[in-house]
Amino acid sequence: MEWDRTTMVMAEVEAGGAVGLGYTYASPVAAELINTVLGPRLAGQNVLQIEAHWTAMNQAVRNIGRPGIAATAISAVDIALWDLKAKLFGVPLGVLLPAARDKVAVYGSGGFTSYDDSTLQTQLGQWAAQGCKWVKMKVGRDPERDLARVEAAKKAIGGTELFVDANGGYDLKQSISFAQQFARLGVTWFEEPVSSDDLAGLRLVREKAPAPMAIAAGEYGYTPYYFRAMLEARAVDVLQADATRCGGISGFMRASSLCDAYLIPLSSHCAPSIHLAPALAAPRLLHMEWFHDHVRIEQMLFEGAPRLRGGHVAPNDRPGLGLEFRRQDAIRFEV
Ligand SMILES: [Mg+2]
C-alpha cells in the first residue's frame, strides 16, 4: 500500500442562498460525471427531497455502471445535499440525523508496510498516547516480516488494541494460520485477510479465528446490495462502509440499517470529516477510522475539520458538516 498522490473530488450544491459541499476520494473522472450527468438531473429541483435525488442519480447512471466511479460521484453530491439541507435549517448535520451519541471513538489508522519499524512505532505510539483505544497497521505485503512488525507495533502501544489490515494480501490457508498467530500476539481485528470478493473465504476465516478477533471488510461496497450479500454470507464480524463510495450519507445510513437488521456492528472507512455526522447517528457504530492521510488532507483543506481528543472526535457547532473549504489554500493543488 503505497501511493504518491491522493485526489479529492468536491461537489457543491447551491440553493436558497446557501452552498452545500461534499467530496469523495476518487479519480477526476467523477467530476466529469457530476458536471455532465448528475448536475443536470438536480438543477431546479427541491433541495430538501434528498431521497428522490438519490434515486434519480442512481437511475441516471444505470447504463454507465453504478458501482465504482459513478457511485463515488453520487456520494459526493449526496453528501453536499445533506450538508446543504442542514445549513438551510441552520443546524449541524449530526443534529438533523437521528443522533445516537454526541462523540465518536476513533481508531488511529496507518502503519503502512512501506514504513520501517521505528516509523511504525512512532505513528502508532502517538495515537495510543492520544487516547485511542485501538490502532491499525497494514500487513500482507511481505508475510515473512508480518509477525515481527506486529510484535514491534505491540511494544509501542502499551494497552491499546492492535488491528491489522491485509487488504486481501493472504491466501486462505495463510489467513487461517495468521489469524491464530496474530491472536496469540493480542491482535483483535483482522481486516480483509483474503479478498473481500471471496465471501466464503472470509466466512471460513471468521469461523476459524479465535475470539475475540473480529473479521472485517466492506470498504469496497458501492451499493446496499453489496453489503446485504456480505452480511447474508455471514462473512464479517464488523461491516465497514465508506460514505464517499457507497452513496453518501444516504448510502451509509442504508448500510447502518442493514447492520441493525443483521445485528452486526458497523465501522466507518476513511474520510473522517464526512463520517463524523453519520457516525453519531448509526445505532450499531463501533468506531470510526482516523486514517492518517485523510486526516492530514482534511485538516489542510477545511476550517472546522474534526480534531482528536482523548481517542474521540466531537462535532463543532457550525451548521451542516461543519466544514469551510479553504479555497485559497486548495487552489495550488487543483487538477
Ligand atoms: Mg482496509
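Residues numbered from 1 in each chain as written. Predicted model: local features only at pLDDT ≥ 70, side-chain atom pairs only at ≥ 80, totals over all residues.

### As for the overall build of the protein chain
The line we're drawing: Labels follow the DSSP assignment, with helices taken as runs of H or I lasting at least four residues and strands as runs of E lasting at least two, numbered in each case from the N terminus. Based on C-alpha atoms, the radius of gyration is set beside the globule rule, defined as 2.2 Å times the residue count to the power 0.38. Here exposure depends only on C-beta density: within 10 Å of a residue's C-beta, 20 or more other C-beta atoms make it buried, 12 or fewer make it exposed, and intermediate numbers make it partly exposed, the C-beta atoms being placed from the backbone. Working definition of a contact: two residues with C-beta atoms, positioned from the backbone, lying within 7 Å.
A tally of helices and strands in the protein chain yields 13 helices and 13 strands. At 19 Å, the protein chain has a C-alpha radius of gyration in line with the 20 Å of a compact globule built from 335 residues. Here the C-alpha coordinates of the protein chain stretch approximately 60 × 40 × 35 Å along the principal axes. Counting all 335 residues of the protein chain, 50% fall into the buried class. Considering only intrachain contacts with a sequence separation of at least 6, the fraction spanning at least 24 residues in the protein chain is 69%.

### Side note on the domain arrangement of the protein chain
Condition: Start and end points for every domain follow an automatic or database-based domain assignment. Amino acid classes used here: Ala, Val, Leu, Ile, Met, Phe, Trp, Tyr, Cys and Pro are nonpolar; Asp, Glu, Lys and Arg are charged; the rest, including Gly, are polar.
Taken domain by domain, the protein chain consists of domain 1 (8-90 + 328-333) and domain 2 (95-325). For the side of domain 1 that touches domain 2, the secondary-structure elements that each account for two or more residues are strand S2 (18-25), helix H2 (50-60), helix H3 (66-89) and helix H13 (327-330). With 15 residues, H3 is the largest single contributor of residues to the side of domain 1 that touches domain 2. Considering only residue class, the side of domain 1 that touches domain 2 consists of 14 nonpolar, 7 polar and 7 charged.

### Structural notes on the pairing of strand S7 (residues 214-217)
To be explicit about the condition: Two strands pair if DSSP finds at least two bridges between them. Handedness of a crossover is defined as follows: with both strands directed away from the viewer, a clockwise route from the first strand across the helix to the second makes it right-handed.
Summarising the sheet, strand S6 (residues 187-191) and S7 pair through 3 bridges and their orientation is parallel. Residue pairing across strands places Trp189 opposite Ala214, the latter belonging to S7. Assessed by its sense of winding, the connection that carries the chain from S6 through helix H8 (residues 199-208) to S7 is right-handed. Where S7 meets strand S8 (residues 238-241), 2 bridges bridge the pair, whose relative direction is parallel.

### Some points on helix H5 (residues 117-129)
Residues separated by three or four positions in an α-helix point in the same direction, a consequence of the helix having 3.6 residues per turn. Stated formally: The span you would expect from a helix comes to 1.5 Å times its residue count less one. Taking the helix axis as origin, the arc is that swept by the directions to the C-beta atoms.
Taking 1.5 Å of rise per residue, the 13 residues of H5 would be expected to cover 18 Å, and the 18 Å separating its terminal C-alpha atoms lies within 8% of that figure. Within the span of H5, buried status applies to Leu120, Gln123, Leu124, Trp127 and Ala128. Projection of H5 onto a plane perpendicular to its axis shows the buried side chains occupying an angular sector of 140 degrees, all on one side. When the buried face of H5 is taken as reference, the exposed residues oriented beyond 90 degrees from it are Ser118, Thr122 and Ala129. Lining the buried residues of H5 we find strand S3 (104-109), strand S4 (134-138), helix H6 (143-157) and helix H12 (292-301). Gly131 sits one or two residues past H5 and shows a positive phi near 95 degrees.

### Overview of H2
Every buried residue of H2 is listed here: His53, Trp54 and Met57. Seen along its axis, H2 keeps its buried residues to an arc of 105 degrees; they face one direction. When the buried face of H2 is taken as reference, the exposed residues oriented beyond 90 degrees from it are Glu51, Ala52, Thr55 and Gln59. Contact partners of the buried residues in H2: helix H1 (29-42), H3 and helix H10 (248-262).

### Some details on the packing of H5 against H6
Working note: a packed helix pair is described by the angle between its axes plus the distance between those axes. The cut-off we apply is this: Lines fitted to C-alpha atoms define the axes, with helix axes restricted to the stretch in contact, and inter-axis angles between N-to-C directions lie between 0 and 180 degrees. Any angle between 65 and 115 degrees counts as roughly perpendicular, while under 35 counts as roughly parallel, over 145 as roughly antiparallel, and the rest as oblique. Note: crossing handedness is left-handed where the near helix turns anticlockwise from the far helix by less than a right angle, and right-handed where it turns clockwise.
Taken N-terminus to C-terminus, the directions of H5 and H6 make an angle of 40 degrees; their axes are 8 Å apart at the nearest point. On the basis of their axis angle, the class for H5 and H6 is oblique. In the packing of H5 onto H6, the handedness of the crossing is right-handed. Within the contact between the two elements, H5 uses Asp117, Leu120, Gln121, Leu124, Gly125 and Ala128 and H6 uses Arg149, Ala152, Ala153, Lys155, Ala156 and Ile157. Here the contact of H5 with H6 is built from residues that sort into 7 nonpolar, 2 polar and 3 charged.

### A short note on the packing of H3 against H10
Contact geometry for H3 and H10: axes closest at 6 Å, N-to-C directions at 95 degrees. Comparing their axes, H10 and H3 come out roughly perpendicular. Side by side, H3 and H10 meet where Ile74, Ser75, Asp78, Ile79 and Trp82 of the first sit next to Gly248, Ile249, Ser250 and Gly251 of the second. When the residues that make up the contact of H3 with H10 are grouped by side-chain class, the tally is 4 nonpolar, 4 polar and 1 charged.

### Brief notes about the nonpolar core
Nonpolar side chains tend to gather and get buried jointly when the protein is soluble and globular. The criterion, for reference: We define a nonpolar core as a collection of buried residues of the types Ala, Val, Leu, Ile, Met, Phe, Trp, Tyr and Cys that are connected via C-beta atoms lying within 7 Å of each other.
Formed by 105 residues in total, the largest nonpolar core has its most connected members in Ala73, Ala76, Val77, Val135 and Val164. Per element, the largest residue contribution to this core is 13 residues, and it comes from H3. A domain-level breakdown of this core finds at least three residues from each of domain 1 (8-90 + 328-333) and domain 2 (95-325). Not counting chain neighbours up to four residues away, the residues in contact with Val135 comprise Tyr107, Gly108, Leu124, Trp127, Ala128, Ile157, Thr160, Leu162 and Phe163.

### A closer look at the confidence of the model for the protein chain
Note the following rule: As a per-residue measure, pLDDT tells how confident the predictor is, with possible values from 0 to 100.
Per-residue confidence for the protein chain gives a mean pLDDT of 97, with 99% of residues at or over 70. The least confident element of the protein chain, judged by mean pLDDT, is H13 at 93; the most confident is S8 at 99.

### Remarks on the environment of Arg332
With respect to the element layout, Arg332 can be found in the segment after H13. Judged by the 6 C-beta atoms lying within 10 Å of it, Arg332 is exposed. Spatially, the C-alpha atom of Arg332 lies 29 Å from that of Leu93, the residues being 239 residues apart in sequence.

### Focus on unusual backbone geometry
Going from Ala211 to Pro212, the amide bond is cis rather than trans, its omega being 5 degrees. Relative to the elements of secondary structure, Pro212 occurs in the loop between H8 and S7. One non-glycine residue, Asn167, adopts positive backbone phi at about 45 degrees. Position of Asn167 relative to the elements: it lies in the loop between strand S5 (161-165) and helix H7 (172-184).

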